[in-house]
Amino acid sequence: MPTEVPITNFYKPQYKQRLFHASTARYPLMEGGRGGGKSIALLWEAIRQCLDVVGCNCLLLRRTLTAAEKGGIEDHFLKFVPRGFYKSFNGQKHCVQFHNGSQLFFGHIQGDHDLSQYQSAEFLFIGFDEITQFTYAQFDYMKGSNRCPIKLDKYGRATRARMAGATNPNGIGSGWVKALWITKKPPAGEMVLGYNPNDYEAIHSTFEDNSVYANDKEYIAGLTSISDPALRAAWVPGDWNILAGQYYQQWDAARHVRPTGDIEFEDWQERWIGIDWGYSHACAVGWFTRAKVLDGFGRKRDVIVCYRELIVRQTNEEVLGDKIGKLSLSEKINRVFLSPERFNRTNEEHTLADRLGDTLRQFDIPRPERANNDRVGGWTCVGTLLDTETLIFLDTCRDSIESIPKLQRDPKHLEDAIKEGNELHLDVCEMIRYACMSYATENPIPKDILHDRHIKSIPDNTWKMMEHLRLTAQKQQPDFILNVPGRR
């Protein structure tokens, strides 16, 4: 075996990179703007593990192999790691063989179907390059392969299986990455069992922390001239508060979230429920009504309020209906909108919607209706309500509040949102879309409510009585409006 060459002969980590290498967290993350040296740090950390633990396997992942090869982390390896540093490289298998028997694999997870290739594998270290390009389910699955039978390194220290990442704050996985590493507040319904914030350490780095680009005027000028403000914020300072590709960039918790005390609920207003059904993935339920809030000028205005939410998993329709009914005991629910595919009849006599409706009727709640499934129209409807600050969430609806800013545009259909993955925010946003698109018209105020308000506005008690007698003597007209469908 050739004499081992120290890594420092070829790689001299800068300050932020040294912090990454020194991290003792179970899941360290190097994040921030472009040009911060994140991918290089991830590569050399994997190489260090291979050299320190004789005979181990390590894995570096990108979303696609072409991303790993063309200017990505595998390309970095071939350009910056001297040939004599390792025994061999197999380009077809994307595998590096080191002199001590350790192996470094460059792999990919383009979709969930790619996960099976790692099912029985063991990797001491797994690195996700551009981790925000992956779903949480993919990251979670790989934990099962993050193990090593070799218990001591060459220095006699106990080995420790770890997974790490490097990324900018943009991509389909930005929401869950931000929740685990940045805010350290995973959604209440997210299945991060035994979450320990100390396991997740984020090291922030930008081009200013990298001596290669810190004084490169042309690179800096190009980076700061990017016209898309969200992309510029993600790539220059590495701002996690503005996600590139974010569908609802108008979302602002200061404008769209209110405590209960700020809301003036009116019992006569209709209440409705939106449901995005799921069993293996999340089932999201939201309660909505119209109410009044004070605007910035102290004026009352009408808004739609999501005042309650329920997130469950692996719960059948009868149990779900019972939960919804018990949470709605003191309320009159007027309509329920359910995922339209749940009305499809398969081999059973009754659909899922039928069975859910049977339970809801026991609580005097209407049977579910097919939700309007116009995706583009629905997302546009929600966006318009957010633009006009007409859609408000109570501060207790934590999952809804954290889900909306995570929704990403579909790069192949920019008017639509990404549908891929089993992330909680997708289910919650679908529920909100169903509820808003299916019930987007304002209800007329009942006449008795209008009369009551009018009487109360009269200061003189005598005139109040006379006006009351006049109004009650008028011929009663129905409050409802019958919409006659046109010809088909």
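Note that the structure is a prediction, hence the values are computed from the model and not measured.

Analysis parameters
- Residues numbered from 1 in each chain as written.
- Predicted model: local features only at pLDDT ≥ 70, side-chain atom pairs only at ≥ 80, totals over all residues.
- Heavy atoms only, no water.
- Phe/Tyr/Trp six-rings, centres within 6.5 Å; stacked < 30°, edge-to-face > 60°.
- Helix = DSSP H or I, 4+ residues; strand = E, 2+ residues; numbered from the N terminus.
- Buried < 20%, exposed > 50% of the residue type's maximum accessible area, 1.4 Å probe, protein only.
- Lys NZ or Arg CZ within 6 Å of the ring centre and 35° of its normal.
- Pairing = 2+ DSSP bridges.
- Contact = heavy atoms within 4.5 Å.
- Expected span 1.5 Å × (residues − 1).
- Core = buried A, V, L, I, M, F, W, Y, C linked by side-chain atoms within 4.5 Å.
- Axes fitted to C-alpha atoms, helices over the stretch in contact; angles between N-to-C directions.
- Salt bridge = Lys/Arg side-chain N within 4 Å of Asp/Glu carboxyl O.
- Parallel < 35°, antiparallel > 145°, perpendicular 65-115°, else oblique.
- Left-handed = near helix turned anticlockwise from the far one by under 90°.
- Nonpolar A, V, L, I, M, F, W, Y, C, P; charged D, E, K, R; others polar.

Novice: Would you take a moment to explain the packing of aromatic side chains for this structure?
Specialist: Describing an aromatic ring pair means giving the distance of the ring centres and the angle of the ring planes. Under the criterion given, the structure shown has 25 aromatic pairs. With 4.9 Å between their ring centres and 45° between their planes, Phe77 and Tyr86 make a pair best called tilted. Relative to Trp379, the ring of Tyr247 has its centre 6.1 Å away and its plane inclined at 55°; by these criteria the two rings are tilted. Here Trp379 lies in helix H12 (residues 375-387) and Tyr247 lies in the loop between helix H8 (229-235) and helix H9 (253-256), a separation of 132 residues in the sequence. Here Trp379 falls in the buried class, since its relative accessible area comes to 1%. Of note, Arg271 hangs over the ring of Tyr307, and the distance from its end group to the ring centre comes to 5.0 Å. A cation sits over an aromatic face here: Arg308 above Trp287, 5.1 Å from the ring centre.

Novice: Can you walk me through the pairing of strand S12 (residues 283-294) in this structure?
Specialist: Consecutive side chains of a regular strand alternate in pointing toward one face of the sheet and then the other. Counting buried positions along S12 gives 11 out of 12 residues, so the element sits mostly inside the fold. Pairing of strand S10 (residues 263-265) with S12 involves three bridges; the strand directions are antiparallel. When the sheet's bridge partners are listed, Glu264 is paired in S12 with Lys292. Sheet topology places strand S11 (residues 271-276) next to S12; six bridges connect them, and they run antiparallel. By the bridge assignment, Gly274 is partnered in S12 with Gly286.

Novice: How should the side chain of Ser339 be read in this particular structure?
Specialist: Position of Ser339 among the secondary structure elements: in the loop between strand S14 (335-338) and helix H11 (352-361). Residues within four places of Ser339 in sequence aside, it is in contact with Ile275, Asp276, Trp277 and Tyr434.

Novice: What am I meant to see in unusual backbone geometry here?
Specialist: Excluding glycine, a negative phi dihedral is what most residues carry, and trans is how most peptide bonds are arranged. Phi angles above zero are rare outside glycine, and His94 is one such case at about 55°. Looking at the secondary structure, you find His94 in the loop between strand S3 (88-90) and strand S4 (95-97). You will see that Glu389, though not glycine, has its phi angle at about 55°, which is positive. When you line up the elements, Glu389 lands in the loop between H12 and strand S16 (391-394). Judged by its relative accessible area of 24%, Glu389 is partly exposed.

Novice: What should I look at first to understand helix H14 (residues 424-438) in this one?
Specialist: Each full turn of the α-helix corresponds to 3.6 residues, which orients residues three or four apart in the same direction. Across its 15 residues, H14 extends 21 Å between first and last C-alpha, which sits within 8% of the 21 Å expected from 1.5 Å per residue. Of all 15 residues in H14, 14 are buried; the element is thus mostly enclosed.

Novice: Looking at this model, I keep getting lost on the nonpolar core. Mind explaining?
Specialist: For soluble globular proteins, the rule of thumb is that nonpolar side chains tend to be buried together. Ranked by internal contacts, the top residues of the largest apolar core, which has 62 residues, are Tyr248, Ile275, Val285, Leu320, Ile324, Leu391 and Ile432. Sort the elements by how many residues they give to this core and H14 lands first, with nine residues. Beyond its immediate stretch of four places on either side in the chain, Ile275 contacts Cys283, Ala284, Val285, Leu320, Ile324, Val336, Phe337, Leu338, Ser339, Leu356, Met431 and Tyr434. If you look at the next biggest cluster of nonpolar residues, it comprises 31 residues, including Ala41, Val53, Phe85 and Leu104.

Novice: Help me out: how do you make sense of the sheet that holds strand S1 (residues 27-32) in this one?
Specialist: Consider a sheet: its strands pair through backbone hydrogen bonds, and that pairing is either parallel or antiparallel. The sheet built from eight strands is open, its strands ordered S3-S4-S5-S2-S6-S7-S1-S8 with mixed pairing. Sheet topology places S3 and strand S8 (200-205) at the edges, where each strand pairs with a single neighbour. Taken over all neighbouring pairs, the strand axes of this sheet differ in orientation by 15° on average, direction set aside. Taken together, the five bridges between strand S6 (residues 125-129) and strand S7 (residues 162-167) define a ladder with parallel strand orientation. Residue pairing for S7: Phe125 is matched across the bridge by Arg162.

Novice: What am I meant to see in helix H6 (residues 174-182) here?
Specialist: With seven of nine residues buried, H6 is to be regarded as a mostly interior element. Within H6, the full set of buried residues consists of Ser174, Gly175, Trp176, Val177, Ala179, Leu180 and Trp181. In this fold, the buried residues of H6 make contact with S1, helix H5 (136-142) and S8. After H6 finishes, the residue Lys184 shows a positive phi value of roughly 55°.

Novice: So what exactly am I meant to see when it comes to the pattern of salt bridges here?
Specialist: Once their charged atoms are close, side chains differing in charge can pair, the charge on each being opposite to the other. What the rule picks out here adds up to 26 salt bridges. Salt bridges sharing common partners tie together Arg375, Asp416, Glu430 and Arg433.

Novice: What am I meant to see in the environment of Pro197 here?
Specialist: Within the fold, Pro197 resides in the loop between H6 and S8. Classification of Pro197 by relative accessible area gives partly exposed; the value is 33%. Measuring from C-alpha to C-alpha, the distance between Pro197 and Lys184 comes to 6.0 Å, with 13 residues separating the pair along the chain.

Novice: How do you make sense of the environment of Ile458 when you look at a structure like this?
Specialist: Among the structural elements, Ile458 can be located in the loop between helix H15 (447-456) and helix H16 (461-473). For Ile458, a relative accessible area of 16% corresponds to the buried category. When neighbours within four sequence positions are excluded, Ile458 is seen to be in contact with Trp463, Lys464 and Glu467.

Novice: Can you help me understand the packing of helix H1 (residues 15-22) against helix H2 (residues 38-52) in this one?
Specialist: Helix-helix packing: each pair is described by the crossing angle between the helix axes and the interaxial distance. Relative orientation of the contacting elements H1 and H2 amounts to 40°, with a least axis distance of 10 Å. Judged by the inter-axis angle, H1 sits oblique to H2. Judged by the twist between their axes, the crossing of H1 over H2 is right-handed. Every residue of H2 that contacts H1 at Gln17, Phe20 and His21 is listed here: Ile40, Ala41, Leu42, Trp44, Glu45 and Arg48. Grouping the amino acids of the contact of H1 with H2 by side-chain chemistry returns five nonpolar, two polar and two charged.

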